[in-house]
Amino acid sequence: MQKDVQLTVVGKVFKPNKQKVLALNRCLNEYFKPVRWYLDFNSTSKIFLHSNRYKEAKRKFKLNTALIQTARDKAIETLKSFKENRKEKSVLWLKQISIRFDRRSYSFSKTTNALTPYWLTLSLNKREKVSLPIMFGEKQRLRIEEAFRSEWQFTTVEMVKREGVWYTHLVLKRTIKVEDSPETVIAIDRGERSLAVAVAILKSDQNKPVKGQFWRGSEIKKIRGLYNHIRRRLGEKKLLKKIKALKGKEKRKVNQQLHIIANQIVSYAMQFPKPIIVMEKLNEIRRNFNKSKNLNRRFHSLPFRKLQTYLEYKANLKGIAVRYVEAKDTSRTCHRCGHVAQVKGRAFKCQKCGMLYNRDLNACVNIAHALMRGMGWGSVIPLNSQVRLNAKSLS
Ligand SMILES: [Zn+2]
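All values reported here derive from a predicted model rather than from experimental measurement.

Analysis parameters
Numbers given to residues run from 1 along each chain, matching the order in which its sequence is written. pLDDT decides what is reported in this predicted model: residues at 70 or higher carry local features, side-chain atom pairs at 80 or more are listed and counted, and totals for whole chains, interfaces and linings draw on all residues regardless. Derived side-chain values reflect all non-hydrogen atoms in the structure, with water molecules and hydrogen atoms excluded from consideration. A side-chain nitrogen of Lys or Arg and a carboxyl oxygen of Asp or Glu constitute a salt bridge if their distance falls within 4 Å. Under the scheme used here, helices are H or I runs from DSSP no shorter than 4 residues and strands are E runs no shorter than 2 residues, and both carry numbers assigned from the N terminus. Exposure categories follow from relative accessible area, calculated using a 1.4 Å probe and restricted to protein chains: below 20% of the type maximum is buried, above 50% is exposed, and the middle band is partly exposed. Every axis in this analysis is a line fitted to C-alpha atoms, fitted for helices over the stretch in contact. Angles between the N-to-C directions lie between 0 and 180 degrees. Small angles under 35 degrees read as roughly parallel and large ones over 145 as roughly antiparallel, with 65 to 115 read as roughly perpendicular and the rest as oblique. For any helix crossing, the convention is left-handed if the near helix is rotated counterclockwise from the far helix by under a right angle, and right-handed if that rotation is clockwise. In this analysis, two residues are considered to be in contact whenever any of their non-hydrogen atoms come within 4.5 Å of each other. Lys, Arg, Asp and Glu make up the charged group, whereas Ala, Val, Leu, Ile, Met, Phe, Trp, Tyr, Cys and Pro make up the nonpolar group; the residues left over, Gly among them, are polar. A patch is a set of surface residues, each over 30% in relative accessible area and not in a salt bridge, joined within 9 Å for like charges and within 5 Å for the nonpolar side chains Val, Leu, Ile, Met, Phe, Trp and Tyr. Per-residue and other accessible areas follow the Shrake-Rupley method at a 1.4 Å probe size, with only the shown protein chains counted as cover for residues. In this tally Asp and Glu are treated as negative and Lys and Arg as positive; neither His nor the chain ends contributes. Where a charge lies is defined by one atom per residue type, namely NZ (Lys), CZ (Arg), CG (Asp) and CD (Glu). Whenever a nitrogen or oxygen atom comes within 3.5 Å of another N or O atom, the pair is scored as a polar contact, on the condition that within protein one atom can donate a hydrogen and the other can accept it, and that pairs from neighbouring residues in sequence are kept only if both atoms are in side chains. Note on pairing: two strands pair once DSSP finds at least 2 bridges between them. Listed donors are limited to N, O and S atoms within 2.8 Å of the metal, widened to 3.2 Å for Na, K and Ca; water is not among them, so incomplete-looking sites are possible. Key to geometry: four donors with every angle between 85 and 135 degrees are tetrahedral; four donors are square planar and six octahedral where opposite donors lie over 155 degrees apart and all remaining angles lie between 65 and 115; all other sites are irregular. Throughout, nonpolar core names a set of buried Ala, Val, Leu, Ile, Met, Phe, Trp, Tyr and Cys residues whose side chains join them through atoms within 4.5 Å.

1. A closer look at the pattern of salt bridges
Then, number 1: Applying the stated rule across the entire model yields 23 salt bridges.
Then, number 2: For glutamate 158, the salt bridge is made with lysine 74, and the minimal N-O distance between the two is 2.5 Å. Linking glutamate 158 in strand S6 (residues 153-162) with lysine 74 in helix H3 (residues 65-84), this pair joins segments that are 84 residues apart in sequence.
Then, number 3: Since its relative accessible area comes to 14%, glutamate 158 is described here as buried.

Here it is, written out as structure tokens:
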């Protein structure tokens, strides 16, 4: 099975002259005219907007056809995300900070210029082009070099203006082959007191989950605690700007830890033959969690969702597929007999079959089972026939 993986590389436009900056600013201004115009039709259908509005848009706006098309896509994305988050936001707020260029409207090349070898040329409208030198940080430069070696494909470029400075976001794509006949199911979940919990089930021995592991996330707790402390002290003086800067710093530090943990989970998965990762779909769970004790509040606001995103991306790069299952009562169901129990404390005790198990690991096993059922593995079949099935897969 193949899967597309995307990556965004951010670079800064290096000392552009005044004319270039003015041209970009003008283009940004022009660009949001068709975005707003498309938004007025209140449609999220590309086909509808294209067949009914495209000709008129071409007449109306002084932009490249390629830019008119990405403006339409931007309008659709804005409207979609607004509709999905309607409960939280009541007014559609259009962030007018970026222009999207597709493959037809930019070129990116490497020159022999020692200071800034990377040059981005954009066609802004039918007559106007600008060439901009781009600077990258060390990590970003490595990705760009990989792209020049054709390890990544260039897709779109987003020109972003932040606090008067122009940045470029190059979106790269790579097609990865992911394993489609897995031999180990790795289930990852949030734990009661841990950021993440993992357990593995091998196809060859489906009755015996192995190598349960916990990631406490204690570094993240420390970072959170520290910044909460600093903020409280600053709060009295109401230095809002400083508080905002601290928030950014905290976020970067937390993200860094999440990357480390995601890498560790991928390594964990790779110790098993042909792994596949499964997690619970996150939607309402978080809210339910929040109702629980105050004590856990800070911990449950840990960004597990972000961890999922990082993990999926990193796993895919290693050829590991990641699946999500709709799970119900994963923490209250006995993974051995299916009895839904009342759970208190850290241990899971089944009142029906007597199984005693770590509570978090039991939830993980249930998540693994949900995927195993979907893949037609033997574990949901009653115990006697299961033994027979396992024997078969061993031979
Ligand atoms: Zn039971």
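We are not done yet, so read on.
2. Describing the packing of helix H2 (residues 46-60) against H3
In a pair of packed helices, the angle between the axes and the distance between the axes together describe the arrangement.
Then, number 1: H3 packs onto H2 with a crossing angle of 140° between their chain directions and a minimal axis gap of 11 Å. As judged from the angle between their axes, H2 and H3 are oblique. Both H2 and H3 take part in a crossing whose hand is right-handed. Contacts between H2 and H3 involve Lys46, Leu49, His50, Tyr54, Ala57 and Lys58 on the former and, on the latter, Thr65, Ile68, Gln69, Arg72, Asp73 and Ile76.
Then, number 2: Of the residues belonging to the contact of H2 with H3, the class tally is five nonpolar, three polar and four charged.

3. As for a positive patch on the surface
Then, number 1: The grouping of Lys55, Lys58, Arg59 and Lys126 at the surface amounts to a positive patch.
Then, number 2: Structurally, arginine 59 can be placed in helix H2.

4. Overview of the side chain of glutamate 158
Then, number 1: A distance of 2.5 Å separates a polar atom in the side chain of glutamate 158 from a polar atom in the side chain of lysine 74.
Then, number 2: In this structure the side chain of glutamate 158 is engaged in a polar contact, spanning 3.0 Å, whose partner is the side chain of serine 98.
Then, number 3: Not counting chain neighbours up to four residues away, the residues in contact with glutamate 158 comprise Lys74, Ser98, Ile99, Arg100, Tyr167, Thr168 and His169.

5. A closer look at the pairing of strand S1 (residues 2-13)
Then, number 1: Here S1 runs beside strand S7 (residues 165-177); their pairing, made up of 11 bridges, is antiparallel. Pairing of glycine 11 across the sheet is with threonine 168, part of S7.
Then, number 2: By the bridge criterion, two bridges tie S1 to strand S5 (residues 129-135) in an arrangement that is antiparallel. Its bridge partner being in S5, lysine 12 is matched across the sheet by methionine 135.

6. Quick notes on the coordination of the zinc ion
Then, number 1: Taken together, the protein donors to the zinc ion comprise Cys334 (SG), Cys337 (SG), Cys350 (SG) and Cys353 (SG), at separations of 2.2 to 2.3 Å.
Then, number 2: Given four donor atoms and angles of 108 to 112° at the metal, the environment of the zinc ion is assigned as tetrahedral.
Then, number 3: In this structure cysteine 353 comes out as partly exposed when scored by relative accessible area, which is 32%.

7. Concerning the nonpolar core
Then, number 1: The biggest cluster of nonpolar side chains holds 46 residues, and the ones touching the most others in it are Phe101, Phe108, Leu122 and Met159.
Then, number 2: At 10 residues, helix H1 (residues 18-39) tops the list of elements feeding residues into this core.
Then, number 3: In this view, leucine 122 contacts Leu24, Phe101, Ser105, Tyr106, Glu128, Lys129, Val130, Leu132 and Met159; residues no more than four positions away in its chain are not counted.
Then, number 4: Core analysis: the next-biggest nonpolar cluster, separate from the first, contains 33 residues, Trp215, Ile261, Val266 and Tyr310 among them.

8. Focus on the sheet that holds S6
Then, number 1: Across the sheet, seven strands lie side by side as S2-S6-S7-S1-S5-S4-S3; this open sheet has antiparallel pairing. At either margin of the open sheet sits one strand with a lone partner, and together these are strand S2 (98-101) and strand S3 (106-110). Recorded for the sheet is a direction-independent mean angle of 30° between the axes of neighbouring strands.
Then, number 2: With six bridges connecting them, strand S4 (residues 118-123) and S5 associate as antiparallel partners.

9. Some words on the sheet that holds strand S10 (residues 210-215)
Then, number 1: Pairing is mixed in the open sheet, where five strands are placed in the order S10-S9-S8-S11-S12. Only two strands of the sheet have a single neighbouring strand rather than two, namely S10 and strand S12 (322-325). The average angle at which neighbouring strand axes cross in this sheet is 25°, direction not considered.
Then, number 2: By the bridge criterion, five bridges tie strand S8 (residues 184-189) to strand S11 (residues 275-280) in an arrangement that is parallel. When the sheet's bridge partners are listed, isoleucine 188 is paired in S11 with methionine 279.
Then, number 3: Lying over the sheet, helix H6 (residues 240-270) contacts S8, strand S9 (196-202), S10 and S11, oriented at roughly 175° with respect to S10.

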